[in-house]
Amino acid sequence: MMSRLERNHRRKQRRRRVFFSLLLIAVLFLLALIATNNTMVKATGLSPDKNLFSMQRLQAYVGNKAGFIANRIREIDIESIKQESEQLLDHLVDFLESLRDQWNSL
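Quick notes on the rules
Residues numbered from 1 in each chain as written. Predicted model: local features only at pLDDT ≥ 70, side-chain atom pairs only at ≥ 80, totals over all residues. Heavy atoms only, no water. Helix = DSSP H or I, 4+ residues; strand = E, 2+ residues; numbered from the N terminus. Rg over C-alpha atoms; globule rule 2.2 N^0.38 Å. Areas by Shrake-Rupley, 256 points an atom, 1.4 Å probe, with all protein chains shown as cover. Lys, Arg positive; Asp, Glu negative; His and termini not counted. Charge placed at Lys NZ, Arg CZ, Asp CG, Glu CD. Patch = residues over 30% accessible without salt bridge, like charges linked within 9 Å, V, L, I, M, F, W, Y side chains within 5 Å. Salt bridge = Lys/Arg side-chain N within 4 Å of Asp/Glu carboxyl O. Phe/Tyr/Trp six-rings, centres within 6.5 Å; stacked < 30°, edge-to-face > 60°. Buried < 20%, exposed > 50% of the residue type's maximum accessible area, 1.4 Å probe, protein only. Contact = heavy atoms within 4.5 Å.

A. Molecular detail of the overall build of the protein. A tally of helices and strands in the protein yields three helices and zero strands. Taken from N to C terminus, the helices and strands of the protein fall in the order α-α-α. Over its C-alpha atoms the protein spans a radius of gyration of 27 Å, topping by over 25% the 13 Å that the globule rule assigns to 106 residues. By principal-axis analysis of the C-alpha atoms, the protein measures approximately 85 × 55 × 10 Å. Accessible area of the protein: about 10,100 Å², with a carbon and sulfur share of 63%. Computed over 17 positive and 11 negative side-chain charges, the inter-centroid distance for the protein is 24 Å.

Laid out in structure tokens, this is it:
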């Protein structure tokens, strides 16, 4: 029989192996996509702007996504988040104080 610690250790090892296996599969898949894309571009004589993984297309994609993320961050209302956080903390402090008072009354 295995102890609880041994079972947990083996479970962690198994999870780690599964994670790295999936990561390896994803990397191999990506490499296969790149190799297939490069072969098709060379074989068909496509222009660089039709290449799926060209630097121009990747830069445009990253630029668009970065702009989208920046716009979303600008839309966040920081003041309302601060107010809600302060209210939550106030309620938490009140709860803890009442819990302490009840504990002391025992």
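B. Expanded view of a negative patch on the surface. Residues E86, D90, D94 and E97 make up a contiguous surface patch of negative charge. Summarising the element assignment, E97 is placed in helix α3 (residues 78-105).

C. Inspection of the packing of aromatic side chains at higher detail. A full pass over the atoms with the stated rule returns one aromatic pair. Summarising the aromatic geometry, the rings of F19 and F20 are spaced 5.2 Å apart at their centres and angled 70° between planes, so their arrangement reads as edge-to-face.

D. Examining the side chain of N37 more closely. The residue N37 is located in helix α1 (residues 4-44) in this model. Taking the relative accessible area as the measure of exposure, N37 reaches 9% and is therefore buried. Not counting residues up to four positions away in its chain, the partners in contact with N37 are N51, L52 and F53.

E. Molecular detail of the pattern of salt bridges. One pass over the full model with this rule turns up two salt bridges. With a closest N to O distance of 3.8 Å, E79 and K82 form a salt bridge. One end of the pair, E79, and the other, K82, are both in helix α3, three residues apart, so they sit about a helical turn from each other. The partly exposed category is assigned to E79, whose relative accessible area is 47%. The class of K82 is partly exposed, set by a relative accessible area of 44%. R100 is paired through a salt bridge with D101; the nearest N and O atoms lie 3.7 Å apart.

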